[in-house]
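# Structure at a glance
Here's the letter readout for the chains.
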Amino acid sequence: MLTQVINKEELKKLYDKDFVLWVEENLKLLKDKQFDLVDWEHLLQEIEDMGNRHLDSVVSFMAVILEHLYKWENFRENEKMGNGWIKSIINSRTGIYKLFRKYPSLKVKAQFELENAWNDAILELISWFKDPENIHLAKKYFGRIPTEKDFPGKCPYTFEQILDYEPWLKDLEE
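In short, a report on the structure. (Residues numbered from 1 in each chain as written. Predicted model: local features only at pLDDT ≥ 70, side-chain atom pairs only at ≥ 80, totals over all residues. Heavy atoms only, no water.)

### Re the environment of Met50
As a reminder of what qualifies: Helix and strand assignments follow DSSP, with helices taken as H or I runs no shorter than four residues and strands as E runs no shorter than two, numbered in order from the N terminus.
Of note, Met50 is situated in helix α3 (residues 40-74). Spatially, the C-alpha atoms of Met50 and Glu9 are 24 Å apart, while their sequence positions differ by 41 residues.

### So, a nonpolar patch on the surface
Put simply, the rule is: Patch membership requires over 30% relative accessible area and the absence of a salt bridge. Like charges are linked within 9 Å, and nonpolar side chains (Val, Leu, Ile, Met, Phe, Trp, Tyr) within 5 Å. Computed by Shrake-Rupley with a 1.4 Å probe, the accessible areas treat only the displayed protein chains as cover when residues are assessed. Between Lys or Arg on one side and Asp or Glu on the other, a salt bridge is scored when a side-chain nitrogen of the former is within 4 Å of a carboxyl oxygen of the latter.
On the surface, Phe35, Trp40, Leu44, Ile47 and Met50 cluster together into a nonpolar patch covering about 510 Å² of accessible area. Locating Leu44 in the fold gives a position in helix α3.

### A short note on the packing of helix α1 (residues 8-17) against helix α2 (residues 19-31)
Note the following rule: A fitted line through C-alpha atoms serves as each axis, taken over the contacting stretch for helices, and the angle formed by two N-to-C directions is quoted from 0 to 180°. The crossing is said to be left-handed when, going from far helix to near helix, the turn is anticlockwise and less than a right angle, and right-handed when the turn is clockwise. By definition in these notes, contact holds between two residues if any of their heavy atoms fall within 4.5 Å. Polarity classes work like this: nonpolar for Ala, Val, Leu, Ile, Met, Phe, Trp, Tyr, Cys and Pro, charged for Asp, Glu, Lys and Arg, and polar for all others, with Gly in that last group.
The geometry of α1 relative to α2 is characterised by a closest axis approach of 6 Å and an angle of 145 degrees between their N-to-C directions. Here α1 and α2 pass one another in a crossing that is left-handed. From α1, Leu11, Leu14, Tyr15 and Lys17 reach across to α2, where they touch Phe19, Leu21, Trp22, Glu25, Asn26 and Leu29. Of the residues contributing to the contact of α1 with α2, the split by class is seven nonpolar, one polar and two charged.

### Some thoughts on the packing of aromatic side chains
Just so we agree on the cut-off: For Phe, Tyr and Trp, where Trp contributes only its six-membered ring, two rings pair if their centres lie within 6.5 Å, and the inter-plane angle classes them as stacked under 30 degrees, edge-to-face over 60, or tilted in between. Note on classification: 1.4 Å probe, protein chains only; a residue is buried when its accessible area is under 20% of the maximum for its type, exposed when over 50%, partly exposed between these limits.
One pass over the structure, following the stated rule, counts 17 aromatic pairs. Between Phe75 and Trp128 the ring centres are 6.4 Å apart and the planes differ by 40 degrees, which places this aromatic pair in the tilted class. Taken together, the positions of Phe75 in the loop between α3 and α4 (83-102) and Trp128 in helix α6 (residues 114-130) put the pair 53 residues apart, joining distant regions of the chain. Residues Phe75 and Trp128 agree in their burial class; the two are buried. With centroids separated by 4.9 Å and ring planes inclined at 75 degrees, the aromatic side chains of Phe75 and Tyr141 adopt a geometry described as edge-to-face. Placement of the pair is Phe75 in the loop between α3 and α4 and Tyr141 in helix α7 (residues 135-142), with a sequence separation of 66 residues. We classify Phe75 as buried; its relative accessible area is 4%. Every member of this aromatic cluster is reached through a ring pair, and the members are Tyr70, Phe75, Trp85, Trp118, Trp128, Phe129, Tyr141, Phe142 and Phe151.

By themselves these figures say nothing about function.
Structure (structure tokens):
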């Protein structure tokens, strides 16, 4: 902790210079009820970021699921291809369910992040086609490495499908 009381401007500068010390100083000010010295601007931003951290995790899991569902339905070449995608979908769903159980309000918020997750999935799809092992698939399906324009502009899956759609079980149900 700082040995001397710092003013509000010095505290704001500390945010960029030494974040840990900034946290300690603001915490001390809050505990001492010296609210007028707290760096409220950055503190409120950090609180907002804390809440978004879990939503960002859900969006990341959603993007993985979307990427692998799309690969499964559009680029699967043989019976053996895609088992890793299924495992990834199942693991990502487990991650989402855990977050929803711990923070129920995330389920409502996540529904509004579908397009963001899809845009992230598209970037991963493009990267996948750039992998030397998959360039032949890029040539087969697109004649080149695909770009964002080669994928649907709107997410082709619903939020409900992200949570429970299992196209690999379709053959078992028939």
